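What the coordinates show
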Amino acid sequence: MRDPYEVLHLQPGATEEEIKAAYKALAQKYSAENYAASPLAEEADRQMAEINEAFDTLMGTLRTGAGAGASGGRDSRYAKIRRLINEGKADEALRKLQEQDESAVSGEWNFLCASAYYYKGWLGQALPYFEKASSLCPDNREYAAACSRLKNSASGNMAGNPYAGTPQGVAGCSCCDMCTALMCVDLCCGFGRGGCC
Amino acid sequence: MFGYLTPLNDELRIREYRAYRGVYCGLCKELGRRYGQASRLLLNYDLVLIALAADGLAGVPPQLSPERCIAGPFARHPISGPTPGLALAADALLLLSWYKLRDDLEDEGALRRVVSGTACLALKSGYGEATRRRPELDALFSRCMARQAELEAAGCALPDEAAAPSAELLSGLFAACAAKDEQRPILERYGLFLGRVIYFLDAAEDFERDAAQDRYNVFLRAGVCREEMLCQARALCNMCAGEATLCYNLLPLQENRALLDNVMYLGLPQSILRIGESQKDKRRNRHERPI
């Protein structure tokens, strides 16, 4: 499914009025009446169905603050919690999130919960929420990036590791290829000299 | 304290090894100068990292000069002279040791209590001196120790929560290494994650002993078996070390980078790899002594 905001030609965070107005305009455009007996009726029908679905998703998000399909589904309440976390008030954000538990349905709820724990450094708590957020909204890059970074480091990878590629953190001969290459060069040179003399 | 934040010696260049050893010995001498000869017995490796970070950020290289040492009086070897970083490390070490001893006085068996009590008496004047020099660190350590005791008394079973006081402690300690104010937030977060790694490593190492002696251990409270505990603790440590590295990479170190790189990217992962090993196992598995 495409991003419902994109389907309705809206910016993420659009108000209820904007969503309704956009839906009305598009619905008139693709209305079945316009395409009656047209060879394009089927295509119009498909687009109408997409618009309907997008409208339902966005309205659902607004009403419940949820909407698993709405990757950008951030109503003002979530925006406020996001701001709290950015200001460093992670505990307050967590309290607000727990007041209205939408862990089962909302990617954003899970992501914000994870972010608040992440801010505090409680990574063991943060990881499952990041995972849940990106499984609810697989298309959301922000969720996916946060999740995969933490999983990556959980398996022992470190960003910017100058010793990377060496087994179990112990620097071995990481330039084996180079050694082999040099040996080959050496051999060639030796044979070359032998030939000359 | 812990001994987890050390370099992997096999991978050090000789001059880096000399510098590390010089700073380690320098910390020992600094303790003697500031707090009397008895305090030199408190020496440990973790605080060397504080000295290296603080001087590295301030652009002060180790002030190495050949000196004799009480532990090897016949040969001179390079030992670092006083630096601001060593002063910070010595003060922090004294304060930490004081709180550790006070803690032992309450928890440990009779013999350890006598030893800790004697040590406390010997350190009392040094503690007063250190408090005068670093009142903010003393307040921080005292607050974190109290919080840790509270969590333990409440039987906290959540590793992330139980590690919070250690995280706060190291966060404040590393923040004190800042050469400029804008480095503080980076150092705070760096310390926050290192504190967590250390707490988890420590809890994993004490797991069996705590089980046998029926003492508090967050992983015991969480009700997991040893294998499961090691798996959980390793993942937690890896994540925290990964985050600490992201902070570390932002630090504008002017000195000691090669040494600190080794500690972060080789020494720390090595400690995590050996999670759960007792001190005895570690000694057996190590091919050489740390220094």
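Chain A is annotated in an unreviewed UniProt entry as J domain-containing protein of Anaerofilum hominis.

**Here's the deal with the overall build of chain B**
The helix and strand tally for chain B stands at 12 helices and two strands. Start at the N end of chain B and walk to the C end: the helices and strands fall as α-α-β-β-α-α-α-α-α-α-α-α-α-α. The C-alpha atoms of chain B give 18 Å as radius of gyration, which agrees with the globular expectation for 291 residues (19 Å, within 12%). Here chain B, with 291 residues, has 54% of them falling under the buried criterion.

**Topic: the packing of aromatic side chains**
All names here are of chain A. Using the criterion set out here, one finds 15 aromatic pairs over all chains in the structure. Their ring planes at 65° and their centres at 6.1 Å tell us that W109 and Y129 sit as a pair that is edge-to-face. Of the two residues, W109 sits in helix α6 (residues 107–120) while Y129 sits in helix α7 (residues 123–136), which places them 20 residues apart along the sequence. Under the relative-accessibility criterion, W109 is labelled buried at 3%. Looking at Y129, the relative accessible area reads 23%, which means it is partly exposed. Pairwise contacts between aromatic rings join W109, Y117, W122 and Y129 into one cluster. Here the basic side chain of K120 rests over the ring of W122, its NZ or CZ set 4.1 Å away from the ring centre.

**What about the interface of chain B and chain A?**
At the interface, 29 residues of chain B touch 25 residues of chain A. Summing the contributions of chain B and of chain A, the shared interface buries around 2,200 Å²; its carbon and sulfur component is 62%. When the buried surface of chain B facing chain A is broken down by residue, D160(B), M239(B) and Y265(B) rank first, second and third, together holding 27% of it. Here chain B is connected to chain A by one salt bridge. Across the pair R149(A) and E243(B) runs a salt bridge whose closest N-O atoms are separated by 2.9 Å. Here chain B and chain A share 11 residue pairs in polar contact (both at pLDDT 80 or more) between them. Of all the secondary-structure elements, those providing two or more residues to the side of chain B that touches chain A are α6 (159–162), α8 (184–213), α10 (226–248) and α11 (257–273) of chain B. Broken down by element, the side of chain B that touches chain A gets its largest block of residues, 10 residues, from α10(B).

**Examining the pattern of salt bridges**
Residues and elements named next belong to chain B. In the structure shown here, the tally under the stated rule is 24 salt bridges over all chains. Between E16 and R13 there is a salt bridge, and its shortest N-O distance comes to 2.8 Å. A salt bridge links E150 to R147, with the shortest nitrogen-to-oxygen separation between them at 2.9 Å. Residue E150 and its partner R147 are both found in helix α5 (residues 135–153); the two are separated by three residues, about one turn of the helix. By sharing partners, the salt bridges in this structure join E30, R33, R34, D91 and R134 into a single network.

**Considering the packing of α5(B) against helix α7 (residues 164–175) of chain B**
Residues and elements named next belong to chain B. Put simply, α5 and α7 touch, their axes get as near as 8 Å, and they point 170° apart. One element, α5, and the other, α7, form an angle in the roughly antiparallel class. On α7, the residues that touch L137, L140, F141, R143, C144, M145, R147, Q148 and L151 of α5 are P165, S166, E168, L169, G172 and L173. Here the contact of α5 with α7 is composed, by residue class, of nine nonpolar, three polar and three charged.

**Let's talk about the packing of helix α2 (residues 46–58) of chain B against α11(B)**
All names here are of chain B. Contact pair α2 / α11: the axes reach a minimum separation of 10 Å and the direction vectors enclose 135°. By the angle class used here, α2 and α11 are oblique. Our pair here, α2 against α11, has a crossing hand that is left-handed. On α11, the residues touching L49, L52 and A53 of α2 are L259, L260 and V263. Considered class by class, the residues forming the contact of α2 with α11 number six nonpolar, no polar and no charged.

What counts and how
Residues numbered from 1 in each chain as written. Chains lettered and ligands numbered in written order. Predicted model: local features only at pLDDT ≥ 70, side-chain atom pairs only at ≥ 80, totals over all residues. Heavy atoms only, no water. Helix = DSSP H or I, 4+ residues; strand = E, 2+ residues; numbered from the N terminus. Rg over C-alpha atoms; globule rule 2.2 N^0.38 Å. Buried < 20%, exposed > 50% of the residue type's maximum accessible area, 1.4 Å probe, protein only. Phe/Tyr/Trp six-rings, centres within 6.5 Å; stacked < 30°, edge-to-face > 60°. Lys NZ or Arg CZ within 6 Å of the ring centre and 35° of its normal. Contact = heavy atoms within 4.5 Å. Buried area = accessible area lost by both parts, 1.4 Å probe. Salt bridge = Lys/Arg side-chain N within 4 Å of Asp/Glu carboxyl O. Polar contact = N/O pair within 3.5 Å; in protein donor to acceptor, adjacent residues only side chain to side chain. Axes fitted to C-alpha atoms, helices over the stretch in contact; angles between N-to-C directions. Parallel < 35°, antiparallel > 145°, perpendicular 65-115°, else oblique. Nonpolar A, V, L, I, M, F, W, Y, C, P; charged D, E, K, R; others polar. Left-handed = near helix turned anticlockwise from the far one by under 90°.

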